[in-house]
Amino acid sequence: MSRACLQTLGVLSLWWFVASAMAQSTEYVMYKDPEQPVAARVKDLLSRMTLEEKIGQMTQIDRTVATYDFMRTYSIGSVLSGGGSTPLPEASAEDWVNMINDYQNGSLSSRLGIPMIYGIDAVHGHNNVYNATIFPHNIGLGATRDPDLVKKIGAATALEVRATGIPYVFAPCIAVCRDPRWGRCYESYSENEEIVRQMTEIIPGLQGDIPSDSRKGVPYVGGKNKVAACAKHFVGDGGTTKGINENNTVVDMHGLLSIHMPAYTDAIIKGVSTVMVSYSSWNGEKMHANRDLVTGFLKDTLNFKGFVISDWQGIDRITSPPHANYTYSVEAGILAGIDMVMVPFNFTEFIDDLTNLVKEEVIPMDRIDDAVERILFVKFTMGLFESPMADLSLVSELGSQAHRELAREAVRKTLVLLKNGKNETDPLLPLPKKPKKILVAGSHADNLGYQCGGWTINWQGFSGNKYTRGTTILSAIKSTVDLSTEVVYQETPGKDFVKYTDFDYAIVVVGEHPYAETAGDSMTLTMADPGPTTITNVCEAVKCVVIVVSGRPLMIEPYISSIDALVAAWLPGTEGQGVADVLFGDYGFNGKLPRTWFKSVDQLPMNFGDSHYDPLFPFDFGLKTESVPGLVARATSFGTDWRPHPLMVTACLAISLYSASA
């Protein structure tokens, strides 16, 4: 062959190679086309995936073990922050965005470029993040009976979460807590399933309102200002024996369906994207291994089309002790219908075990395909393929004044007035704003961590005022009373100090220390020391209002006779000014108990309708006061020697006379 001929062949070969490369680079890829229906994109992408890529999508790992290379090599489907897991102490929104984008770049550099989805617990606002707005915990929101408010809180939370580059939250908890000894009872809106159902309005707040033509069970996330939600923990987590966390719920199918299941029906109708399985068991069978309920009922009967996710190391706990037979746990969990596994650390063990189980035909490929289809469906639906990277466009939403005002409103509406005066003709509340001298006492009066509770900055919460921004109840009181009023704060005043100091009245703020999950299980439900002593020392010497800051009803009956006014404030979050708003009459008390307040723990479990029902304060109880802004305005505009006319005092008392709500 001549040299010229060889040169010609070389040129032609080079041209063919370049043309082929160009053709490949411009090849139409259906799953990358946003104009195609989601179902078609899912089908196309699934057909291109290897088994290893599919199992990677089913894997969720903690941020502490995630790297660019791991995301790319294993095609990891999701990364999460566990409670308190942050990129830096006091990390800014920009710090979060940069970290998440680093992981996302790894995912996008994989063979198929499937974006990962980052998830976080945002259970009362964006609670892991410094400077975020911390809303009242769910038990307080249940006291509001205000689904529209809860929807607004969902929308505000979505904006703050998106401000940090995160598109997925492990919320809401729609447990029906039937025993306050449970350490997660504050994550439940109520002992009553109907109230919990109403509060699923937080889902369209988080995700957006589903289109009118949306099919039942199909997930929906309405754009970059919204997040995928997660209804948890399926199912019966609030009904365990003695309220022991992760324990056994003993109830027949009728009880399960009538008490614990209804909120899931509502959540699915509202387009919830994901459902998290409960650690607990139902009649002895671990929910993470319960195929009849996860696949048979949730997916087949309720027609849920999103993906099912395990809890943290949830499949490990199928065995006792946990992780005793991990291969079995993987098999049982995936066959039960779990689609994504929150591993969260040793992900190669999970990937290897699941790969072998599929190759050995213990787990059929159609179960893997079902899981991956659901995961991809959510990712496509929420626009993750079109907008995988986070940006800084929403950073101003984090802890914004508008959201803090919303949280303050929520606090006002959560407060439940349980007692107001030692007799009906002498109510103590609302308090006058212009007394000469008042005492504020108690361990919870000036402690932002205590009033926020667990799942705040850290998994178990914190103590003190240094770890995020907000307003303590003491600060709120000081900013509300007249400038001429002397506010004396002593956390634990002695009896003689109170008795021999001329206080007009006292405000005592006591309750529980923060906790989360099993650490909060309590068989005694006593308030933290020295709360009882503080109540005794103060309330036996001066007129007092006691504010209980807690995630559930506590033992209060032994002290009730010495207390003039009693307020359940639950866990109000960062905006303590809402407490003062109602205490001093700018707004009235309207909250109602979302759960029964017992006399003794020996009565538990005790819920409304039980044959042995004999509460200290019944479910739905709440005294009311009216706001008195006109009187307040006059009282704060006069000099210190001004005294109201006796007729005005009579009018004030008449206005504030309380009545038990229907």
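Only a predicted model underlies this, so the values are computations on that prediction, with no experimental measurement involved.

## Points about the sheet that holds strand β9 (residues 285-286)
By definition, the strands of a sheet pair up through backbone hydrogen bonds, in either a parallel or an antiparallel sense. Read across the open sheet, the three strands follow the order β6-β8-β9; overall the sheet is mixed. Strands at the two margins of the open sheet, each flanked by one partner only, are β6 (248-249) and β9. In this sheet, strand β8 (residues 281-282) lies alongside β6 in parallel orientation, the contact comprising two bridges. The residue of β8 that forms the bridge with Thr249 is Trp282.

## Regarding the UniProt feature "domain: Glycoside hydrolase family 3 N-terminal" (unreviewed entry) in the protein chain
The sites that UniProt annotates as "domain: Glycoside hydrolase family 3 N-terminal" (unreviewed entry) are residues 50-376. With 39% helix and 10% strand, residues 50-376 has its two end C-alpha atoms placed 14 Å apart.

## Here's the deal with the layout of surface pockets
Taken as a whole, the second largest pocket spans an internal volume of roughly 330 Å³. What lines the second largest pocket is a set of 22 residues, among which Tyr279, Trp312, Trp455, Trp459 and Glu517 lie closest to the centre.

## Topic: empty space enclosed by the protein
Counted according to the given criterion, the structure contains three cavities of 30 Å³ or more. There is about 120 Å³ of room inside the largest cavity. As for the largest cavity, its lining consists of 15 residues, and the residues nearest its centre are Ala122, Val123, His124, Asn138 and Ile202. Those elements giving two or more residues to the lining of the largest cavity turn out to be α6 (138-144), α7 (147-163) and α9 (202-207).

## Looking at unusual backbone geometry
A cis geometry characterises the amide bond from Phe234 onward to Val235, with omega recorded as -10°. In this structure, Val235 sits in the loop between β5 (230-234) and β6. In this model, Asp529 is joined to Pro530 through a cis peptide bond whose omega is 5°. As for its placement among the helices and strands, Pro530 is situated in the loop between β15 (505-511) and α20 (531-539). At His323, a position not held by glycine, the phi torsion is positive, near 70°. Tracing the chain through its elements places His323 in the loop between β10 (307-309) and α13 (326-336). Unlike most non-glycine residues, Glu361 shows phi in positive territory, near 65°. Along the chain, Glu361 falls in the loop between α14 (347-359) and α15 (365-381). Classification of Glu361 by relative accessible area gives exposed; the value is 70%.

## Remarks on the pairing of β5
Where burial is concerned, most of β5 is hidden: five out of the five residues are buried. Pairing between β5 and strand β7 (residues 274-277): four bridges, direction parallel. Residue pairing in the sheet places Cys230 in a bridge with Thr274 of β7.

## Points about the pairing of strand β3 (residues 117-120)
What you see with β3 is no split at all: Ile117 and Gly119 on one side and Tyr118 and Ile120 on the other are buried throughout. Here strand β2 (residues 78-81) pairs with β3 via four bridges, running parallel. The residue of β3 that forms the bridge with Ser81 is Ile120. Handedness of the crossover is the feature at issue here: the chain leaves β2, passes through helix α5 (residues 93-108), returns alongside β3, and the resulting connection is right-handed. Two strands pair when backbone bridges link them, and β3 and strand β4 (residues 168-169) are joined in this way by two bridges, in the parallel orientation. Following the sheet pairing, Ile120 is matched in β4 by Val169.

## Here we look at the pattern of salt bridges
Taken as a whole and assessed by the stated rule, the structure comprises 33 salt bridges. Taking the shortest distance from any N to any O, the salt bridge between Lys413 and Asp146 comes out at 3.1 Å. With a gap of 267 residues between them, Lys413 in helix α16 (residues 401-414) and Asp146 in the loop between α6 and α7 connect regions that are remote in the sequence. Under the relative-accessibility criterion, Lys413 is labelled partly exposed at 31%. Residue Asp146 is classed as buried on the basis of its relative accessible area of 18%. For Glu486, the salt bridge is made with Lys437, and the minimal N-O distance between the two is 4.0 Å. With Glu486 in strand β14 (residues 486-490) and Lys437 in strand β13 (residues 437-441), this pair connects stretches of sequence that are 49 residues apart. Using a relative accessible area of 40% as the deciding quantity, one classes Glu486 as partly exposed. Linked by salt bridges that have partners in common, Lys299, Asp339, Arg367, Asp370 and Arg374 make up one network.

## Here we look at the state of the cysteines
A full pass over the atoms with the stated rule returns two disulfides. Disulfide pairing is shown between Cys177 and Cys185; the S-S distance is 2.1 Å. Linking Cys177 and Cys185, the disulfide has an S-S dihedral of approximately -105° and is accordingly described as left-handed. A single burial state applies to Cys177 and to Cys185, both of which are buried. Each sulfur in the disulfide pair Cys539 and Cys544 lies 2.0 Å from the other. Between Cys539 and Cys544, the S-S dihedral sits near 110°, and the bridge is therefore right-handed. For the protein chain, the bonded cysteines connect in the pattern 1-2, 3-4 when numbered consecutively along the sequence. Left unpaired, Cys230 is separated from the closest cysteine sulfur, that of Cys173, by 10.0 Å.

Quick notes on the rules
Residues numbered from 1 in each chain as written. Predicted model: local features only at pLDDT ≥ 70, side-chain atom pairs only at ≥ 80, totals over all residues. Heavy atoms only, no water. Pairing = 2+ DSSP bridges. Helix = DSSP H or I, 4+ residues; strand = E, 2+ residues; numbered from the N terminus. UniProt positions renumbered as here; feature names shortened; annotations may be inferred. 1 Å grid on protein atoms, 1.4 Å probe; cavity = no way out; pocket = protein on both sides within 12 Å on 5 of 7 lines; lining within 4 Å. Points joined across faces, edges and corners; volume = space filled by probe spheres on them. Buried < 20%, exposed > 50% of the residue type's maximum accessible area, 1.4 Å probe, protein only. Right-handed = clockwise from strand over helix to strand, strands pointing away. Salt bridge = Lys/Arg side-chain N within 4 Å of Asp/Glu carboxyl O. Disulfide = S-S within 2.5 Å.

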